[in-house]
Amino acid sequence: MTELILHEYAASRNCYKIRLALAHIGRSYERREYDILKGETRTPRFLATVNANGRIPVLQVGSNFLPESNAALWFLAEGTDLLPDGAFGRADVLRWLFWEQYNHEPNIATLRFWRTYGGGFDEQSPARQATIPDKQAAGEAALKLMDDHLAGRAWFVGDRLSIADIALYAYTHVAADGGFALEPYRHLRAWLERVAAQPGHVTITG
């Protein structure tokens, strides 16, 4: 079996997505850590040998490098129960992966990063401060859409856990760190509990 190496920053929830998928499919892999807060993914060596875009996670498959967390999820899910059967179900998973990166992560994850790590969330960044109300509103809209979708269903696509759930779980379950209250979203909270209760589940420190 081809060797897998995960180039990551362990505290990143985008990196956690991949570790969670690997745990569910039972694949072994090597971890290589980079401190993004110290610029370790922007060094000439990293840019030349791992990812010219200067970001992690990157899943290395043998001698090939696959950036972007959701692309890595799709690769790992092929041939496993983490992808549904049928063309429509698979396309529906892609729908949620794209939505997570366009509507969910830029708002919920960004505010979490600013509030947790102080990444410009202060009086010295007026331009960034000005974006906060819109990001807060967009994050709330994303959580409501998820809650509405989960009314009467257990999983985002089909009748079992898929990489759509894994992608959305990573930042949703820590949304409170970004100032988002989960109490109003009972379907969403029940789904978070279901994901965490699945065999093979690991926490970010697991």
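Quick caveat: nothing in here was measured; it's all calculated off a predicted structure.

(A) How the structure looks around the overall build of the protein chain. Tallying secondary structure elements over the protein chain gives seven helices and four strands in all. The N-to-C order of helical and strand elements in the protein chain reads β-α-β-α-β-β-α-α-α-α-α. On C-alpha atoms alone, the protein chain measures out to a radius of gyration of 17 Å, which is about the 17 Å that the 2.2 N^0.38 rule sets for 206 residues. Principal axes of the C-alpha set define a box for the protein chain whose edges measure 45 × 45 × 30 Å. Out of the 206 residues belonging to the protein chain, those deemed buried represent 47%. Once local pairs closer than 6 in sequence are excluded, the contacts in the protein chain between residues at least 24 apart make up 68%.

(B) Looking closely at the environment of alanine 77. Among the structural elements, alanine 77 can be located in helix H3 (residues 69-77). Between the alpha carbons of alanine 77 and glutamine 198 there is a distance of 16 Å; along the sequence they are 121 residues apart. Excluding residues within four positions of it along the chain, alanine 77 makes contact with Leu82, Leu83 and Ile163.

(C) Inspection of the side chain of arginine 19 at higher detail. The residue arginine 19 is located in helix H1 (residues 13-25) in this model. Overall, the relative accessible area of 3% leaves arginine 19 in the buried class. Filtering out sequence-adjacent residues up to four positions away, arginine 19 remains in contact with Leu6, Glu8, Ala10, Tyr29, Arg31, Val202 and Ile204.

(D) Here's a closer look at the packing of H1 against H3. Between H1 and H3, the least distance of the axes is 9 Å, while the angle of their chain directions is 5 degrees. When the interaxial angle is binned, H1 and H3 end up roughly parallel. Contact with H1, carried on its side by Asn14, Lys17, Ile18, Ala21, Leu22 and Ile25, involves Ser69, Asn70, Ala72, Leu73 and Leu76 of H3 and no other residues of that element.

(E) Just the packing of aromatic side chains, in detail. Considering all chains together, one arrives at five aromatic pairs under this definition. Both rings, one in tryptophan 96 and one in tryptophan 99, keep their centres 5.3 Å apart while their planes meet at 80 degrees; by these two values the pair is edge-to-face. Here the residue tryptophan 96 and the residue tryptophan 99 both occupy positions in helix H4 (residues 87-117), the gap between them amounting to three residues, near one helical turn. The buried category is assigned to tryptophan 96, whose relative accessible area is 1%. Given the relative accessible area of 12%, tryptophan 99 is considered buried. Seen in terms of ring centroids, tyrosine 169 and tryptophan 191 are 6.3 Å apart; in terms of plane orientation they differ by 70 degrees. Their pairing is edge-to-face. Highlighted residues: tyrosine 169 in helix H6 (residues 163-172) and tryptophan 191 in helix H7 (residues 186-197), separated in sequence by 22 residues. Since its relative accessible area comes to 6%, tyrosine 169 is described here as buried. For tryptophan 191, a relative accessible area of 0% puts it in the buried group.

(F) Representation of the side chain of glutamine 60 in the model. You can see glutamine 60 is positioned in strand S3 (residues 58-61). There is a polar contact of 3.0 Å between the side chain of glutamine 60 and the backbone oxygen of glycine 62. Ignoring sequence-local partners within four residues, the contact set of glutamine 60 consists of Glu3, Leu4, Ile5, His7, Arg32 and Phe65.

Thresholds applied
Residues numbered from 1 in each chain as written. Predicted model: local features only at pLDDT ≥ 70, side-chain atom pairs only at ≥ 80, totals over all residues. Heavy atoms only, no water. Helix = DSSP H or I, 4+ residues; strand = E, 2+ residues; numbered from the N terminus. Rg over C-alpha atoms; globule rule 2.2 N^0.38 Å. Buried < 20%, exposed > 50% of the residue type's maximum accessible area, 1.4 Å probe, protein only. Contact = heavy atoms within 4.5 Å. Axes fitted to C-alpha atoms, helices over the stretch in contact; angles between N-to-C directions. Parallel < 35°, antiparallel > 145°, perpendicular 65-115°, else oblique. Phe/Tyr/Trp six-rings, centres within 6.5 Å; stacked < 30°, edge-to-face > 60°. Polar contact = N/O pair within 3.5 Å; in protein donor to acceptor, adjacent residues only side chain to side chain.

Read these as geometric descriptors, not functional statements.
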